[in-house]
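Architecture and fold: a report
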Amino acid sequence: MKITYLGHASLSIEFENIHIIVDPFITGNELAKKIDINSLKADYILITHAHEDHILDVEAIAKRTGAKIVSNFEIVNHFGNLGLEGHPMNHGGSWQFDFGRVTYTNAIHTSSFPDGSYGGQPGGFILETDEGNIYIAGDTALTMDMKLIPLQTELDLAVLPIGDNFTMGIESAVIASDFISCNKVLGYHYDTFGYIEIDHKKAIDTFKVKNKELILLDIGNSISL
Ligand code: NI
Ligand code: MN
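Since this is a predicted model, take the numbers as computed values, not measurements.

What follows deals with the pairing of strand β12 (residues 184-188). Of all five residues that make up β12, four are buried, and the element is covered over most of its length. Alignment of strand β11 (residues 157-161) against β12, held across four bridges, turns out to be parallel. Opposite Ala158, over in β12, you have Val185 as the bridge partner. This β-α-β element, β11 to helix α5 (residues 170-179) to β12, shows right-handed connectivity. Where β12 meets strand β13 (residues 213-215), three bridges bridge the pair, whose relative direction is parallel. When the bridges of β13 are listed, Leu186 appears paired with Ile215. At this point the chain moves from β12, through helix α6 (residues 200-208), to the parallel β13, and the crossover so formed is right-handed.

Rendered as structure tokens:
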């Protein structure tokens, strides 16, 4: 499994024959201007919640690639009304896809579409695959619900928001990594806007003193599991 950071909360996850895009917000991100959304491959688009900084490029990518949208019921309905194919889920539910099992998890956040309409309740995803198990938290506060995850899934990597202000910050993310029993964390949802700029070295060191690893990828760079 190859995970590429596309900036903000956007990821590309690649298996041998399957490509997944998560929360594409690329054309609106000045920091991600070297990423061309027309070059992205997608069989699935996973969407954590309806905020613009998570859905901006969904329609363009899904229309070009025919990717199936996986999200909560309300978001899948919204894009279904635009003629896009989707798979609706809700919190706590899992489904076996061809790349692995996906669970839609709880997140403490809000989830309205850019026009203010209801986007369902926000979430995150657990992906259980032959190449490893990952948790993509979505925009969320630190929450006790995270403690439920390791009761069912042994994680190899957690993707956690660390930018603070709109989501949890570094200190909470360290505690979250305890709650989910996963010491390898890819940080996301930072630096895009003034409110969420972080000190990279300080963030990495804060994890390191707890014997945890925080990975911060340059936009366009990848890690493999
Ligand atoms: Ni949000
Ligand atoms: Mn966000």
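Attention now moves to the coordination of the nickel ion (ligand 1). Distances from the nickel ion (ligand 1) to its protein donors, His49 (NE2), His51 (ND1), His109 (NE2) and Asp139 (OD), fall at 2.2 to 2.4 Å. Each of the four donor atoms around the nickel ion (ligand 1) contributes to a set of angles spanning 87 to 177 degrees, which defines the coordination as irregular. Counting along the primary sequence, the residues that act as donors to the nickel ion (ligand 1) give the motif H-x1-H-x57-H-x29-D. The metal-metal distance between the nickel ion (ligand 1) and the manganese ion (ligand 2) is 3.1 Å, with Asp139 serving as a donor to both. Pair noted here: His51 is in the loop between β4 (44-46) and α1 (52-55) and Asp139 is in the loop between β10 (132-136) and α4 (149-152), with a separation of 88 residues, a long-range link.

In terms of strand pairing, strand β1 (residues 2-5) meets strand β2 (residues 11-14) through four bridges, oriented antiparallel. In the strand pairing of β2, Thr4 is matched with Ser12. In textbook terms, the turn of a hairpin is the stretch between consecutive antiparallel strands, and for β1 and β2 this stretch comprises five residues, one of which, Gly7, has a positive phi near 95 degrees. Bridging between β1 and strand β14 (residues 222-224) involves three bridges; their strand directions are antiparallel. The residue of β14 that forms the bridge with Ile3 is Ile223.

Attention shifts here to the coordination of the manganese ion (ligand 2). Asp53 (OD), His54 (NE2), Asp139 (OD) and His189 (NE2) make up the full set of protein donors to the manganese ion (ligand 2), lying at 2.1 to 2.2 Å. Mapping the donors of the manganese ion (ligand 2) onto the primary sequence gives the spacing D-H-x84-D-x49-H. Its relative accessible area of 1% is what places Asp139 among the buried residues.

About the criteria used
Residues numbered from 1 in each chain as written. Chains lettered and ligands numbered in written order. Predicted model: local features only at pLDDT ≥ 70, side-chain atom pairs only at ≥ 80, totals over all residues. Heavy atoms only, no water. Buried < 20%, exposed > 50% of the residue type's maximum accessible area, 1.4 Å probe, protein only. Helix = DSSP H or I, 4+ residues; strand = E, 2+ residues; numbered from the N terminus. Pairing = 2+ DSSP bridges. Right-handed = clockwise from strand over helix to strand, strands pointing away. Donors = N, O, S within 2.8 Å, 3.2 Å for Na, K, Ca; no water. Tetrahedral: all angles 85-135°; square planar, octahedral: opposite > 155°, others 65-115°.

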